[in-house]
Amino acid sequence: MSTRISMVALVIALAGSSATGQTPRLLDQKPASAKTREVLAKPIPTSAEDRRDFDFSERGFMGTIPSVKDANGRVLRDLTAYDWAAKTKPDTVNPSLLRATALSARSGLFKVTDGVYQVRGVDAANMTIVETATGYLIVDPLMFKETAQAAMGLVYAKLGQRPVRAVIYTHSHGDHYGGVRGVVTEADVKAGKVAIIAPDGFMRELISESVIAGPAMGRRTQYHAGSALKEDPQGLVGIGVALGHLEGTSTFLAPTDTVTRTGETRRIDGVDIEFQMVPESEAPSEFNLYLPKQRALLIAETASCSLHNVQTLRGARPRDALRWAGYLTEDLNLYAGRSDVVMMSHCWPRFGQSEVRDFLTKQRDTYKFLHDQTVRRMNMGETPTEIGDELQLPESLAKEWYNRGYYGTVSHNAKGIYDRYLGWFDGVPANLNPLPTVEAAKRYVALAGGPEKMLAAGQAAATSGDYRWAAEVLQKLVFAQPTLEARAALADVYEQLGYQSESGLWRNFYLSATKELRDPPKAQFPTMTRISDTMLAMPTGSYLEVLATRLDPARIGDAPLSLNMIVKDRSEHALITLSNRVLLGEMGANSDTANATIEAPWATILQLFSGARLAKLETESGLKIAGDKGAVERLRSALTTFGNFDIVTP
């Protein structure tokens, strides 16, 4: 590390500090720069006179609540936190994103059509309520138990206290099932009083995203959602299709009924529902549903008030944009001619048969255009970065507010389409086996003539308003030498890029990075002892696959290992074996030569491999181990415990 740059940083830090220990000015929030104000002053290429969204988002309003609180009275979500979005025009927020946020802030219970209602704005997604003969059908019970309870409280206050007869999960993302225990009880589900209906493959895809890839996706979701940001014009301005600041208790109850094909129907307490399967569109397991009596289409997230994600920034497999467009064509053919309203799992409905058809058509054409033109350019040899930087929607599509990039963007969606077809490699040989990020950064700094020159180059680019180049230069400096000066300079650049972003997700990524560069978070390595509803509902075989992804090969060694497992309350047997430092789980098998036999209820098995003390489990939780306990401990000690990892610093 350069002594000179370290001393400069120290002098600046001390000069900016006060006797009260205030944050150095070097690390303070900054206002919008002249270049940012110039960028945001440019007209948005849509019709400012188009007031349809304002009409649609207000239609049918029946009442709201000021906040959502937990059992102790602590406010989890303040529904007035974004009131400023409709009253001010700060120069630190893209005006197009500000408009989307002001619309999303219209929260409460809304009547959509006779017998159909939505609670919007109290959580990341919408809860749709359908009146049945004797109760309610709930579609997408939100992300958290507390917000779902608050939503149902509003429903009961305005529509009357009636039992929930069924719950529908439209797809396998947590904001559409996590509040289920705030809507129904496990006892009623087990007793058959409440059906839980989900699309084919729901559990498999839920486990893939939220458990197998859960630790990494969870960390990236902190940036995606702007979890650490304050709700204000210099911080969190929502996520494009919903408001930000999400907090509460995530729950889960497994589906009791699965829909497998388009055209399947269900009658729930007198209400007819027709399902359309749309896998590999916005989620790998997803369906839409149509209510024929109400002439209402609930299109989940196959269409929305924003361009959606073909590949998410939080991390997920690329979606199939071509199939996605095909499903919307199917919607046009099956439902548009008999729908007076189209509802979504986020945002507000669109009303009128001609509006429904036009909306579905232009959303369809948008995903088809992105697919076709990305593939065309890909087949001409353009790289994903080149395609993402140059591709633009035609004016007839781009002018519609619901095709703007508040959530997904043309840029990163094009890269997702490329990735689905050709993968991570762009064909450039230098990118086939590049140096690791930190090592490459050190060499770039040396090539620039040292950290002082690298810093000066980045600051000069920032001063000229060339923030994308400044970010590239300063990011390499930070990964080579994360000094205070380097981090502060990069934070200032990311901040301006965040202010300029029309995408709520891009803004959150930039500003989350800004915050962590200025105030690095403490390393967090949780014990993983909390057992979630999802884990309790997982098939045993799926859990063993997840367990194998936690195995550290350096710690397990090469000595043979095999463990019998008996899950008492599931009446299941399994054999866990080690082969070439790979953990294998075989359901229905046991071995006479196993090192040990583990016998316990399912919840205790989960605790055993999540770090709970062995002796306590044996005395309090029904765990029995016959044979070599040391073999069990050897496996437990070789399991990785995941926590927060660095993103913007090495």
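Residues numbered from 1 in each chain as written. Predicted model: local features only at pLDDT ≥ 70, side-chain atom pairs only at ≥ 80, totals over all residues. Heavy atoms only, no water.

Some thoughts on the pattern of salt bridges
Logical step 1: In this structure the tally under the stated criterion is 44 salt bridges.
Logical step 2: Between glutamate 400 and arginine 52 there is a salt bridge; the shortest N-O distance is 3.0 Å. With glutamate 400 in the loop between α12 (395-398) and α13 (410-422) and arginine 52 in helix α3 (residues 52-58), the pair connects residues that are 348 residues apart, well separated along the chain.
Logical step 3: What makes arginine 52 partly exposed here is its relative accessible area of 23%.
Logical step 4: A salt bridge links glutamate 209 to arginine 314, with the nearest nitrogen and oxygen atoms 3.3 Å apart. One end of the pair, glutamate 209, is in helix α7 (residues 202-212); the other, arginine 314, is in the loop between β14 (296-298) and α9 (321-334), and 105 residues separate them in sequence.
Logical step 5: A residue is classified by how much of its surface remains accessible, and glutamate 209, at 12% relative accessible area, is buried.
Logical step 6: The class of arginine 314 is buried, set by a relative accessible area of 12%.
Logical step 7: It is possible to trace a salt-bridge network through shared partners that takes in Asp50, Arg52, Asp53, Arg99, Arg350, Glu355, Asp358, Lys362 and Glu400. (Salt bridge = Lys/Arg side-chain N within 4 Å of Asp/Glu carboxyl O. Helix = DSSP H or I, 4+ residues; strand = E, 2+ residues; numbered from the N terminus. Buried < 20%, exposed > 50% of the residue type's maximum accessible area, 1.4 Å probe, protein only.)

Considerations on the packing of aromatic side chains
Logical step 1: Within this structure, the stated rule accounts for 18 aromatic pairs.
Logical step 2: Pairing tyrosine 136 with tyrosine 156 gives two aromatic rings, centres 6.3 Å apart and planes at 40°, and the pair type is tilted. You can see tyrosine 136 sitting in strand β7 (residues 136-139) and its partner tyrosine 156 sitting in helix α5 (residues 145-159), a full 20 residues away along the chain.
Logical step 3: According to the relative accessible area criterion, tyrosine 156 is partly exposed, its value standing at 21%.
Logical step 4: Pairwise contacts between aromatic rings join Tyr169, Tyr177, Phe202 and Phe252 into one cluster.
Logical step 5: Over the ring of phenylalanine 54 we find arginine 51, and its NZ or CZ is 3.8 Å from the ring centre. (Phe/Tyr/Trp six-rings, centres within 6.5 Å; stacked < 30°, edge-to-face > 60°. Lys NZ or Arg CZ within 6 Å of the ring centre and 35° of its normal.)

Some words on the environment of glutamine 392
Logical step 1: With respect to the element layout, glutamine 392 can be found in the loop between α11 (384-390) and α12.
Logical step 2: Judged by its relative accessible area of 62%, glutamine 392 is exposed.
Logical step 3: For the pair glutamine 392 and leucine 370, spaced 22 residues apart in sequence, the C-alpha separation works out to 8.6 Å.

Brief notes about unusual backbone geometry
Logical step 1: Despite not being glycine, aspartate 269 has its phi angle at roughly 50°, a positive value.
Logical step 2: By secondary structure assignment, the location of aspartate 269 is in the loop between β11 (265-268) and β12 (271-277).
Logical step 3: For glutamate 280, which is not a glycine, the phi torsion comes out positive at approximately 65°.
Logical step 4: By secondary structure assignment, the location of glutamate 280 is in the loop between β12 and β13 (287-291).

Focus on the state of the cysteines
Logical step 1: Tallied over the full model, the rule gives one disulfide.
Logical step 2: A sulfur-sulfur distance of 1.9 Å marks the disulfide that ties cysteine 305 to cysteine 347. Within this pair, whereas cysteine 305 is found in the loop between β14 and α9, its partner cysteine 347 is found in the loop between β15 (341-343) and β16 (350-351), the two being separated by 42 residues in sequence. Taken individually, cysteine 305 and cysteine 347 each receive the classification buried, so the pair is uniform in this respect. (Disulfide = S-S within 2.5 Å.)

Some words on the nonpolar core
Logical step 1: Counting residues in hydrophobic clusters, the biggest one holds 71 residues, and the most contacted among them are Met127, Val167, Tyr169 and Phe609.
Logical step 2: Sort the elements by how many residues they give to this core and α5 lands first, with seven residues. (Core = buried A, V, L, I, M, F, W, Y, C linked by side-chain atoms within 4.5 Å.)

As for helix α4 (residues 95-104)
Logical step 1: With nine of its 10 residues buried, α4 lies for the most part within the structure.
Logical step 2: All of the buried residues in α4 are Ser96, Leu97, Leu98, Arg99, Ala100, Thr101, Ala102, Leu103 and Ser104.
Logical step 3: Residues of α4 that are buried make contact with α3 and α18 (504-518).
Logical step 4: Measuring from the side-chain oxygen of the N-cap residue of α4 to the backbone nitrogen of serine 96 gives 2.9 Å; that N-cap residue is asparagine 94. (Contact = heavy atoms within 4.5 Å. Polar contact = N/O pair within 3.5 Å; in protein donor to acceptor, adjacent residues only side chain to side chain.)

Details of empty space enclosed by the protein
Logical step 1: This model, assessed by the stated rule, comprises two cavities of 30 Å³ or more.
Logical step 2: In this structure, the largest cavity occupies an estimated 120 Å³ of space.
Logical step 3: Ser104, Arg120, Gly121, Asn126 and Cys347 are the residues nearest the centre of the largest cavity, which is lined by 15 residues in total.
Logical step 4: Across the lining of the largest cavity, the residue classes break down as seven nonpolar, five polar and three charged. (1 Å grid on protein atoms, 1.4 Å probe; cavity = no way out; pocket = protein on both sides within 12 Å on 5 of 7 lines; lining within 4 Å. Points joined across faces, edges and corners; volume = space filled by probe spheres on them. Nonpolar A, V, L, I, M, F, W, Y, C, P; charged D, E, K, R; others polar.)

What to know about the sheet that holds β16
Logical step 1: Judged by pairing direction, the sheet is mixed, and its six strands sit side by side in the order β11-β12-β13-β14-β15-β16 without closing on themselves. Each edge of the sheet is formed by a strand with only one pairing partner; in this case those strands are β11 and β16.
Logical step 2: Pairing of β13 with β14 involves three bridges; the strand directions are antiparallel. The residue bridging leucine 289 from the neighbouring strand is leucine 298, located in β14.
Logical step 3: This element, α9, spans β12, β13 and β14 of the sheet and lies at about 145° to β12. (Pairing = 2+ DSSP bridges. Axes fitted to C-alpha atoms, helices over the stretch in contact; angles between N-to-C directions.)

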